[in-house]
Amino acid sequence: MTILTRRAALGAALAGTLAAPRILAAQGSPTELVVHYPMPAFFKDVMEKIAEEFAAANPGLSVRYTAPSPSYEDAVQQVLRQGVAGGLPDVSFQGLNRLRMLVERRLPVDLRPFLEREGDVAAKGWTPNLLGLGQVREVQAGMGFASSNPIVYYNANLVRRAGGDPDNLPTDWNSLIALAGRVQALGDGNSSMHFRWAGDDWMFSALLYGHGGTMLAADERDVAFNGAEGLASMRLIDRMVKEGRMPAFTVDAALQAFYAGKMGIFSGTTAYIGSMQRSIGRDVDLRTTKMPVIDAEKGRLPTGGNAAVILTRDAARHEAAWKFVTFATGPRGQELMTRGTGYVPCNTIAARDDRFLGSFYRENPLFRPAMEQMPIAQAWYAFPGTNGVRITETIVNNIARVVESNATPEAALGDMANGVRRLLPR
Amino acid sequence: MPEALALPAPRRAAGTARGLGEGAAGWLLAAPATIALFLLLLGPSAALLGLSFTDWELGAPELAWIGLENYAELTTDPVFRIALSNTLLYVGVVIPASIGLGLGIALLIEGGTRLRATFRAIYFLPVVSLLVAMATAWQYLLHPTIGPVNKLLGMIGIAPINWLGSSDWVMPSLCLIGVWENLGFVVVLFMAGLTAIPRELYAAAELDGARSALDRFRLVTWPLLGPTTLFVVTITAIRCLRVFDTVQALTRGGPNNASEVLLHTMYQEGFTYFRIGYSAAITVVFLGIVLVLMLVQTRILDRRVHYG
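One numbering rule holds for all chains: residues counted from 1, following each sequence as written. The naming scheme follows written order: chains are lettered A onward, ligands numbered 1 onward. Local features in this predicted model are restricted to residues of pLDDT 70 or higher, and side-chain atom pairs are both shown and tallied only at a pLDDT of 80 or more, whereas totals for entire chains, interfaces and linings draw on every residue. To obtain the side-chain values, all non-hydrogen atoms of the structure were included, while hydrogens and water were left out.

- Named according to an unreviewed UniProt entry, chain B is Sugar ABC transporter permease originating from Plastoroseomonas hellenica.
- The UniProt entry for chain B carries the following text under Sequence similarities (unreviewed entry): "Belongs to the binding-protein-dependent transport system permease family." UniProt positions are given in the numbering used here, feature names are shortened, and annotations may be inferred rather than shown by experiment.

- You'll find chain A entered in an unreviewed UniProt entry as ABC transporter substrate-binding protein, with Plastoroseomonas hellenica given as the organism.
- UniProt annotates chain A under Subcellular location (unreviewed entry) with the comment "Periplasm".

If you want it as C-alpha cells, here you go:
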C-alpha cells in the first residue's frame, strides 16, 4: 500500500498537469475508442482515413485519437507515464523494438486468446512470420501495423557518370563498394555513399543478420555479436570507409547531400521512400534495390515499424479494441497504410490481392525491394533489461570510431562487446 | 499578586492580539505568493533532490532509496565526464568570445553616427529567432559538401571541413553557433550600458590628460560599464550552461559522445534511458554549478564593480 501511494504521488508529480486531462480523456463513452499513435508526419492522414472507414463499417463504434507522439521514443515514454499516472489509451501504436519494454512493464493485453477465436488467421493474411513481429517471448503483445526493412537508394545520374549501369545495380557488397569509390572519384563535391549506421543499431544488425549472426547468445546472458559474423560486419563498414570512401556524415547531412543529387548511394530504411520522392531534386533519377545479399542461406534482415497494442484493462472494451486492431492490420487498413507511407504491409492479402495493393506494387517499382525482402525479414532485436537504449548507444559509438578511422574493426568490436556485456542484466 | 498580574495582562494580551492579527494578515496576504513559490519552485526542487537518491525508472512499479549511489556513478561515468568538460569548454569559449566581440561591436556602433538602430536590429536578430529553426539553417551552412561555408573556404584553398560530423570539429562548430547566438544579446546590453555613461566624464577625462581613445576607454568606459558587465557575464554564463537545443537538433551528442553536454546527457538519461533517478542527480549537479557560479559572481565581482 505504501508503495502504491508513493508511486502514485511520484507519477502525479512527474507527469504533472499533463496527466490530468488525459485521465479524463481516456474515459469516453463505451463505444468511443481512444487511440494513440506516433510520428504524425508519416501516419496522420492514414490514421484519419482508417478511423473514418472503421466507423462507417462498424455502426456504434468510433475512434478518437489523442495527440500523436513525435517519435517511437516519445510514444513509449507517454504510455509508460500513463501506466503509472493513469489515463492509458485503449489502443496504442508502438515501435516494434519497444514492445519488449512494455511487456516487461506488463502493460499490453496478450492477444493470443483473440487470435484463437479468429480461427484460421493465415487465411486472413496474418502469417506466423507476420504475427511474430508483435510477439515478445510467449506473449502476443501487438499486431504488426507497418513494417520496414533496409534497402539501398541510388542516384542513377551519378551511377551512370561513374560508369555503372542503373538497370544492373550491384547485388553484392564488393561491387557496391567499388561503385561508391568511383562516384567519389568524380569529384565536383560528390560523395560516394552513406550507410545509415548512426542513431540506432538497426543498420548494424542488418549487416550482422546478413552474415547470419545474432546480437546475443540464445540464453541472452552474453553477447554473440563479437564472433566471426560481427567482425565481418565491422570490417565491411571499415571497407565502406577505406575503399568506398564513405565520409563521416551525420544522417541529416547525408540525406541532404543525397536529396541535392550530390551523393551516389544511400542505404537505410524503406520508410524514406516517401520523403525521398518529395524532397529529392527533380532531375535526379532515383532507384532502389534490395540490400546486397551476404549469406544466401543464413542471411536475414531486421524489421522496423510499429504494432497496434491493446492497453485497456477494461474487458468490456476489449472486443471493440480488437475490432479496430483487426481492421487497421487487415487488408483494407494495410492498403491505406502502404499507399500513404511507403511502409510494407503486415498482411499478405493486402500485399498480393489486386483488390488491395497487387497492382500498386507493379506500378511503383521503388516500393518493391522492401516487399520482396519480407520473407527474410526478422524482428528487430530488443535487448533485455532496462539498458536497451544505452546498449544501442554503445554499439553506435563504437561504429563511429571505425567510421572516423579512429579504431580498427577488431578493437572497436572488442570494446563494443565489453561495453554491452556490462549493461546486460546480471 | 492578582493586581500585579492584572495590570500588564491586558496590555500584553492586546499586544499579542494585535501582533497575531497583523501576523495573520501578513501571512494571509503573502499566502498566494508563498504557496506558488513552494508549489512551483521549492516543491519540485525538493522532489528532484529526493528523486536523485532513488533508483526510480520511468514506468517502474517501485523505487528504492539508494543514497549517494547515483552520485558515485556520476564520478565514474565517462559520458558524464565528457559532458561536463564539454559544457565547461563551451562556457569557457563562448563567454569571453561573445563578450569581447559584443563589447567591440557595441563601441563601434555607438561610436558611429548613422544606422545605429539598423545595426542593433541586425545583431539582435539571432536572439529573437527560434534557435531550433536556425539550427537547420546552420546545418545547411556547415554541410560538408554542399554547404556555403566550405565552398567559401574552398575558394581560398582550404580543404572541406566536416564541421558537425567529425569529433574534432563538432565542439568548435557548436561554440561558433553559440557565439553567434549570444552576440546580439551582449551587444544590446552593452549599448544600453554605454548610453548611460555621462558625456561630461569623457570631456573631464580629456581635460585631465586622457588624450587617446584607449585611455578614455580604460579610465571611463570600462569602469562605468562595470555593473553592465557583471550582468552580461552572469546572464551569458547561465545561457551557455543551458546549451541544449543546438546539440539536440544538430548532433544529438555525437559522434561517439564528442558533443555531449550536461543538459543533453540529463535529457538522454531521463527521457531516453528512463533513468529518472540518475537524471535527477545530473540536474542537481547542474543546479549546483549554476548556484556556485551565481555566488562567485555576485560576491567577487560585486566588490570590484564600480557603481558610479
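Having seen the model, we can carry on.
## Some thoughts on the UniProt feature "transmembrane region" (unreviewed entry) in chain B
Residues and elements named next belong to chain B.
- In the numbering used here, UniProt assigns the "transmembrane region" (unreviewed entry) feature to residues 27-53, 88-109, 121-141, 169-198, 219-238 and 276-296.
- Numbering of helices and strands starts at the N terminus; helices are DSSP runs of H or I of at least 4 residues and strands are runs of E of at least 2. Annotated as 90% helix and 0% strand, the span residues 121-141 places its first and last C-alpha atoms 22 Å apart.
- The distance from the first to the last C-alpha atom of residues 169-198 is 45 Å, and the span holds 87% helix and 0% strand.

## A look at the packing of aromatic side chains
- Only rings of Phe, Tyr and Trp enter the pairing, Trp through its six-membered ring, and a pair is recorded when the two centres are within 6.5 Å. The plane angle decides the type: under 30 degrees is stacked, over 60 is edge-to-face, the rest tilted. A full pass over the atoms with the stated rule returns 26 aromatic pairs over all chains.
- In textbook terms, an aromatic cluster arises when at least three aromatic residues are bridged by ring pairs, as seen for Phe42(A), Phe43(A), Phe54(A), Phe93(A), Phe145(A), Phe324(A), Phe327(A) and Tyr343(A).
- Both a distance and an angle decide whether a charge sits over a ring: NZ of Lys or CZ of Arg must be within 6 Å of the ring centre and within 35 degrees of the ring normal. The positively charged end of Arg239(B) is found above the aromatic ring belonging to Phe185(B), 4.6 Å away from the centroid.

## Considerations on the confidence of the model for chain B
Residue and element names in this part refer to chain B.
- Per-residue confidence from the predictor is given as pLDDT, running between 0 and 100. Of the residues in chain B, 91% reach a pLDDT of 70 or more, and the chain-wide mean stands at 86.
- Of the regions scoring below 50 in pLDDT, residues 1-11 engages in zero contacts with residues more than four places distant in sequence or in other chains.
- Here the complex is predicted with pTM 0.79, and the ipTM for its interfaces comes to 0.71. Working rule for contacts: check all heavy atoms of both residues, and any pair within 4.5 Å makes them a contact.

## Some thoughts on helix H8 (residues 173-185) of chain A
Residues and elements named next belong to chain A.
- Look at H8: 18 Å from first C-alpha to last across 13 residues, which is about the 18 Å you get at 1.5 Å a residue.
- Partly exposed residues are those whose accessible area sits between 20% and 50% of the maximum for their type, while under 20% is buried and over 50% is exposed, using a 1.4 Å probe and protein chains only. Looking only at H8, the buried set comprises Trp173, Leu176, Ile177, Leu179, Ala180, Gly181 and Val183.
- Residues of H8 that are buried sit in contact with strand S7 (150-155), helix H7 (156-161), strand S8 (191-195), helix H9 (202-210), helix H10 (228-242) and strand S9 (263-269).
- Here a polar contact is taken to be a pair of N or O atoms separated by no more than 3.5 Å, where protein atoms must pair a possible hydrogen donor with a possible acceptor and residues adjacent in sequence count only if both atoms sit in side chains. Measuring from the side-chain oxygen of the N-cap residue of H8 to the backbone nitrogen of Asn174 gives 3.2 Å; that N-cap residue is Asp172. The span expected for a helix works out to 1.5 Å for each residue beyond the first.

## Remarks on the pairing of strand S6 (residues 143-148) of chain A
Residue and element names in this part refer to chain A.
- Burial within S6 is extensive, with six of its six residues counted as buried.
- Two strands pair if DSSP finds at least two bridges between them. Where S6 meets strand S11 (residues 301-310), five bridges bridge the pair, whose relative direction is antiparallel. Along S11, the bridge assignment pairs Met143 with Ala308.

## Notes on the UniProt feature "domain: ABC transmembrane type-1" (unreviewed entry) in chain B
- Within this numbering scheme, the UniProt entry marks residues 84-297 of chain B as carrying the feature "domain: ABC transmembrane type-1" (unreviewed entry).
- In this annotation, residues 84-297 of chain B is assigned 76% helix and 0% strand; the end-to-end C-alpha distance for the span is 20 Å.

## Looking at the domain arrangement of chain A
All names here are of chain A.
- Domain delimitation in this document rests on an assignment produced automatically or drawn from a domain database. Looking at chain A, the domain boundaries give domain 1 (27-148 + 304-373) and domain 2 (150-302 + 381-423).
- Across the boundary between the two partners, domain 1 contributes 20 residues, which contact 25 residues of domain 2.
- Here the quantity called buried area is the accessible surface, traced with a 1.4 Å probe, that two parts lose on coming together, added over both. Both sides of the domain 1 and domain 2 interface together cover about 1700 Å² of buried area, and 56% of this is carbon and sulfur.
- Any carboxyl oxygen of Asp or Glu within 4 Å of a side-chain nitrogen of Lys or Arg constitutes a salt bridge here. Our count for the domain 1 to domain 2 interface comes out at two salt bridges.
- For Arg100, the salt bridge identified is with Glu220, shortest N-O distance 2.8 Å.
- The interface formed by domain 1 and domain 2 holds seven residue pairs in polar contact (both at pLDDT 80 or more) in total.
- Listing elements by their share of the side of domain 1 that touches domain 2, those giving two or more residues are helix H4 (99-104) and helix H17 (368-373).
- The element that contributes the greatest number of residues to the side of domain 1 that touches domain 2 is H17, accounting for four residues.
- Classification convention: Asp, Glu, Lys, Arg as charged; Ala, Val, Leu, Ile, Met, Phe, Trp, Tyr, Cys, Pro as nonpolar; all other residues, Gly among them, as polar. Residues that form the side of domain 1 that touches domain 2 fall into these classes: eight nonpolar, six polar and six charged.

## Brief notes about the packing of helix H10 (residues 213-224) of chain B against helix H11 (residues 226-241) of chain B
Residues and elements named next belong to chain B.
- To obtain an axis, a line is fitted to C-alpha atoms, over the contacting stretch when the element is a helix, and the angle between two such axes runs from 0 to 180 degrees between their N-to-C directions. Between H10 and H11, whose axes approach to 4 Å, the crossing angle comes to 50 degrees. Considering the angle they form, H10 stands oblique to H11. Across the interface between the two elements, Trp222, Pro223 and Leu224 from H10 touch Gly226, Pro227 and Thr229 from H11.
- Here the residues of the contact of H10 with H11 are counted per class, giving four nonpolar, two polar and no charged. These descriptions rest on fixed angle ranges, namely under 35 degrees for roughly parallel, over 145 for roughly antiparallel, 65 to 115 for roughly perpendicular, and the rest for oblique.

## Notes on the interface of chain A and chain B
- Facing the 33 residues of chain A at the interface are 33 residues of chain B.
- Between chain A and chain B, the buried area comes to about 2900 Å², and carbon and sulfur atoms account for 57% of it.
- Here chain A is connected to chain B by one salt bridge.
- Linking Glu269(B) and Arg390(A) is a salt bridge whose minimum nitrogen-to-oxygen distance equals 2.2 Å.
- Viewed at the interface, chain B and chain A are joined by eight residue pairs in polar contact (both at pLDDT 80 or more).
- Of all the secondary-structure elements, those providing two or more residues to the side of chain A that touches chain B are helix H1 (2-25), helix H3 (72-85), helix H11 (251-259) and helix H18 (388-403) of chain A.
- In the side of chain A that touches chain B, the residues fall into 14 nonpolar, eight polar and 11 charged.

## A closer look at a nonpolar patch on the surface
- A surface patch of nonpolar side chains, amounting to about 740 Å² of accessible area, comprises Ile35(B), Leu37(B), Phe38(B), Leu39(B), Leu40(B), Leu41(B) and Leu42(B).
- If you trace the backbone, Leu40(B) turns up in helix H2 (residues 8-51). Patch rule: a residue counts if its relative accessible area is over 30% and it has no salt bridge; like charges are joined within 9 Å, and nonpolar side chains (Val, Leu, Ile, Met, Phe, Trp, Tyr) within 5 Å. Surface exposure here means Shrake-Rupley accessible area, sampled with a 1.4 Å probe, where a residue is shielded only by the protein chains that are shown.

## So, the confidence of the model for chain A
- Of all residues in chain A, 93% have pLDDT values of 70 or greater, and the mean over the chain is 89.
- For chain A, per-element mean pLDDT is lowest for H1(A), which scores 44, and highest for H10(A), which scores 97.

## Let's talk about unusual backbone geometry
All names here are of chain A.
- Of note, the phi angle at Glu220 is positive, near 60 degrees, even though the residue is not glycine.
- Residue position: Glu220 is located in the loop between H9 and H10.
- Positive phi, normally seen in glycine, also occurs at Arg245, with a value near 55 degrees.
- As for its position among the elements, Arg245 is in the loop between H10 and H11.

## Brief notes about the sheet that holds S8(A)
All names here are of chain A.
- A sheet is described by the order of its strands in space; here four strands give the open sequence S8-S9-S7-S10, paired in mixed fashion. Two strands bound the open sheet, and with one partner strand each, they are S8 and strand S10 (286-290). Direction aside, neighbouring strands of the sheet carry axes that sit 20 degrees apart on average.
- Here S7 pairs with S10 via five bridges, running antiparallel. When the bridges of S10 are listed, Asn155 appears paired with Leu286.

## Let's talk about the nonpolar core
- Here the nonpolar core consists of buried residues drawn from Ala, Val, Leu, Ile, Met, Phe, Trp, Tyr and Cys, with membership extended through side-chain atoms lying within 4.5 Å. Trp173(A), Phe195(A), Phe204(A), Phe225(A) and Met240(A) are the most contacted members of the largest nonpolar core, which totals 166 residues.
- With 13 residues, the top contributor of residues to this core is helix H8 (residues 170-195) of chain B.
- Per-domain counts for this core show at least three residues from each of domain 1 (27-148 + 304-373) and domain 2 (150-302 + 381-423) of chain A.
- In this structure, Phe195(A) is in contact with Trp173(A), Met203(A), Leu207(A), Met240(A), Met246(A), Ser267(A) and Met291(A), ignoring residues within four places of it in sequence.

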